[in-house]
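Coordinates in review
Listed below are the residues making up each chain.
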Amino acid sequence: MTTKLYSAAFAIALAGMGTSAMADGIVSTIVNAPLSATGTLAGARVGINVYLQRSGAMGADFMDPNVIGYGIPKGGRLEVEMSGGYERDWDVAISQSAIMLVTGAPQQGLPGKKVGYTVADGDNENTFVFTPTGDNGLVAEKTMTPAPGAKGDPVRQRGIKVIHVGFMQSAFFNKGKSGTVTVRFVDAAGKVVATGSETIDFLKSARAQILPTNFPHKRRNHNWQTVSPGGTTELPLTYMVYGKSTGTDTKSHYAFKGGMEGLGVVAGGKGRFKDGLLVRDSNGDGRLDVNTDTIVGGVNISAPAGATGQSLQSMMKDGKTMLSIDTAKMAPKPGKRWGGSMMMLSFKAGNVAGKYRATVSLLNSPGDMSSGDGSSYTYTVIAK
């Protein structure tokens, strides 16, 4: 259960362009970061993504590349305060290595040296402060990722949409039962012009994680792709998968990089998973069989009314099913650094135009359909 603490109203003038006031807070949710197996686990180091939103584009709709994210006002700053159960590690500095601004989900990073901001301590030891280095602040419409593949995106993501806390390093621990992140955009006069806060309950025990990634295709945007009704996305929907950490302390949890190789989707639903089953090749024969291999999760697709034919399935290559593999085999440098396994799935839209959302969920206990759902991730595809 989460809670939200919002300002009564706030103006989005963060790109130097005034717009109407909005009534809701700018923090949508907090999730485990795509580069951490244990980022929300009690006692472990923090590795989270703070998803933002704005009026008219709440929740996942804020990640639509046609929606502009946030900028930082001229002469102003962005503050990210960690409170509640988030405990500072004084051996790790508040710096770019410990936090990254992101445009869209999955990750398209906005590094300070390339985009134009610095990171430093705030008025207390638990606050990150981002200060623009340019004379005009950080203009949302002009703030785009330098990721090489982004130039191939049909619509470029622009502006700040996600804050990745615990990047190359993690300056905080998850202590106690929960932690709160508060985000504040402050103008040159010191006035808070946009704010929001979210609290997350820490996991009591480690669990496997399925997370979004865009390491393939030079970090192009794999989310919010557009297709014709009945068409297949140009890029596969891509996932980073971590197994359940077997660590016994903070250090070993943080160092855990184990993936889940041999995963794929088998068509045909079962129980609450109406659009497919996520299966792990248990015997290593390269084939998926729900009768002999292990069911580790499933697929659900929300679709426009009356739509049929939508699907999310494993891809094929040379007549063989493409199962999840060690990340280092697909993306050597990040794979060596962050570990995990990578899975690519093919999405086909149904025969009706509209918004499709494909959710892949992991079971809390692999093989046990009654164990409930654990980690999950949802991609959005637009058919028109």
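Reference entry: report on the structure contained in this document. Computed from a prediction, not measured in an experiment: that's the story for all the values here. (Residues numbered from 1 in each chain as written. Predicted model: local features only at pLDDT ≥ 70, side-chain atom pairs only at ≥ 80, totals over all residues. Heavy atoms only, no water.)

Considering the overall build of the protein chain
Across its full length, the protein chain holds 4 helices and 25 strands. By the compact-globule yardstick of 21 Å for 384 residues, the protein chain fits well, its C-alpha radius of gyration being 21 Å. When its C-alpha atoms are laid out on the principal axes, the protein chain stretches across 65 × 50 × 35 Å. Of the roughly 16,100 Å² of accessible surface on the protein chain, 50% is carried by carbon and sulfur atoms. Once the 40 positive and 29 negative side-chain charges of the protein chain are each reduced to a mean point, those two points are 5 Å apart. (Helix = DSSP H or I, 4+ residues; strand = E, 2+ residues; numbered from the N terminus. Rg over C-alpha atoms; globule rule 2.2 N^0.38 Å. Areas by Shrake-Rupley, 256 points an atom, 1.4 Å probe, with all protein chains shown as cover. Lys, Arg positive; Asp, Glu negative; His and termini not counted. Charge placed at Lys NZ, Arg CZ, Asp CG, Glu CD.)

Quick notes on the side chain of Asn 221
In this fold, Asn 221 is placed in the loop between β13 (209-212) and β14 (225-227). Of note is the side chain of Asn 221, whose polar atom sits 3.0 Å from the backbone nitrogen of Asn 223. (Polar contact = N/O pair within 3.5 Å; in protein donor to acceptor, adjacent residues only side chain to side chain.)

Notes on the sheet that holds strand β16 (residues 263-266)
Ordered by their spatial adjacency, 6 strands build an open sheet running β14-β25-β24-β18-β17-β16, and the pairing between neighbours is mixed. The sheet terminates laterally at β14 and β16, the two strands that pair on one side only. For this sheet, the mean angle separating the axes of adjacent strands, direction not counted, is 30°. By the bridge criterion, 4 bridges tie strand β17 (residues 277-280) to strand β18 (residues 294-302) in an arrangement that is antiparallel. (Pairing = 2+ DSSP bridges. Axes fitted to C-alpha atoms, helices over the stretch in contact; angles between N-to-C directions.)

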